[in-house]
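One-letter residues, chain by chain:
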Amino acid sequence: MVLEETARRIRTMEIRGAGRIARTAAEALRDHGTALQCTNLDEFRQEMHHAATVLTNTRPTAVSLPNAVRFVISRIDASDSLDEAQAALVESANDFIARSHRAVEVIAEFGSRAIPEDSVIMTHCNSEVAVATAIKAWEKGRVREAFATEVRPRNQGYITAQALSDAGIPTNFIVDSAARYFMRDIDVVITGADAVTAGGAVVNKIGTSQIALAAHEARVPFLVTAETYKFAPATLLGERIPIEERSPGEVMSDEIAGRMPNVRVRNPAFDVTPPNYIDMIVTEAGAIPPGMAYVIIREYLGWNRDEWQKDFLIDHQE
Ligand code: RI2
């Protein structure tokens, strides 16, 4: 029940943000597994793999979700007894959650150093780690003012504007389409990421790539803040990151849409920013150029081609 309820809350975006959904999934696996009354290891593994699938099927784009689930499940799979697996579940879930919180703190520190003195910053959507970075930079006196976009259709920009305002940062709230108009006033753009490919492309909230393009044209540095678990190992096997397309009802009410039978409302939740529009990706392992994404996947996500290939092929047979 806890599991299904958590899955529902992630799907409906009651719980949202790539890092938060990853931590929530680890927590849900832990609580679900702790409540299970299995009599042997095989049964426990089977139940946990099912729970993992329920959680990863909720939202397809943020790779933090399958990475968190994999972090926990791989330790269950490596256990030799039921007792060991149950202990490994609790330990690995708690470990993931602690690492995630720590990563946000470390990135905020590294990222704040990359923001020049007296900067006007712009951010898009609501990224826990981008906001933490902006606030850290503000505390160091490096930020003068911020711009937060509205983020249609779910308006996550309100959450960002609130957080920046609570921190005392003078903040301008703008509609998404005003980003280029104000770009001349901006010193640095900071966003989060839902996924980073092996080639260094960043998948983030719809509209990010337009802002990156405007920043590139105006020669404004574009920083991405992303924990290492936002990097996507499967892209090394040629996999593409699926872009979630959400309900048209988020964009236009059924009543209005009903009057336009020839109109199809499209609602992609994410887009892809190519690596050449990104100056730096700040991770807890360091601030890297996008071209080094491959190294992060190899060094920090325990990349093992044969193992991933096996899992990938199994996934695709189902
Ligand atoms: P943090 C969000 O997606 C946004 O795209 C945001 O930039 C990204 O997750 C990263 O979030 P959504 O869940 O982990 O609002 O940095 O669709 O909080």
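The following paragraphs examine the structure supplied in this document. Just so it is clear, the structure is predicted and the values come from calculations on it, not from any experiment.

Here's the deal with the side chain of Thr-283
Link 1 in the chain: Examined against the element boundaries, Thr-283 turns out to sit in strand S9 (residues 280–283).
Link 2 in the chain: Here the side chain of Thr-283 touches Ala-285 through a polar contact of 2.9 Å, landing on its backbone nitrogen.
Link 3 in the chain: Among the polar contacts listed, one links the side chain of Thr-283 to the backbone oxygen of Gly-286, at a separation of 2.9 Å.

Considerations on the pattern of salt bridges
Link 1 in the chain: Across all of its chains, the model carries 18 salt bridges by this definition.
Link 2 in the chain: In this structure, the salt-bridge partner of Glu-217 is Arg-180, at a minimum N-O distance of 2.7 Å. Placement of Glu-217 in helix H9 (residues 208–217) and of Arg-180 in helix H8 (residues 179–182) is noted, with a sequence separation of 37 residues between them.
Link 3 in the chain: For Glu-217, a relative accessible area of 47% translates into the label partly exposed.
Link 4 in the chain: Classification of Arg-180 by relative accessible area gives exposed; the value is 55%.
Link 5 in the chain: For Glu-227, the salt bridge goes to Lys-230, with nearest N and O atoms at 2.5 Å.
Link 6 in the chain: By relative accessible area, Glu-227 is classed as buried at 0%.
Link 7 in the chain: Take Lys-230: its relative accessible area is 4%, and that puts it in the buried class.

Notes on the environment of Ser-209
Link 1 in the chain: Its location among the elements puts Ser-209 in helix H9.
Link 2 in the chain: A residue is classified by how much of its surface remains accessible, and Ser-209, at 19% relative accessible area, is buried.
Link 3 in the chain: Remark: the alpha-carbon pair of Ser-209 and Ala-195, spanning 14 residues in sequence, is separated by 13 Å.
Link 4 in the chain: Each residue touching Ser-209, except ones within four places of it in the same chain, is listed here: Asp-271, Val-272 and Thr-273.

What counts as what
- Residues numbered from 1 in each chain as written.
- Predicted model: local features only at pLDDT ≥ 70, side-chain atom pairs only at ≥ 80, totals over all residues.
- Heavy atoms only, no water.
- Helix = DSSP H or I, 4+ residues; strand = E, 2+ residues; numbered from the N terminus.
- Polar contact = N/O pair within 3.5 Å; in protein donor to acceptor, adjacent residues only side chain to side chain.
- Salt bridge = Lys/Arg side-chain N within 4 Å of Asp/Glu carboxyl O.
- Buried < 20%, exposed > 50% of the residue type's maximum accessible area, 1.4 Å probe, protein only.
- Contact = heavy atoms within 4.5 Å.

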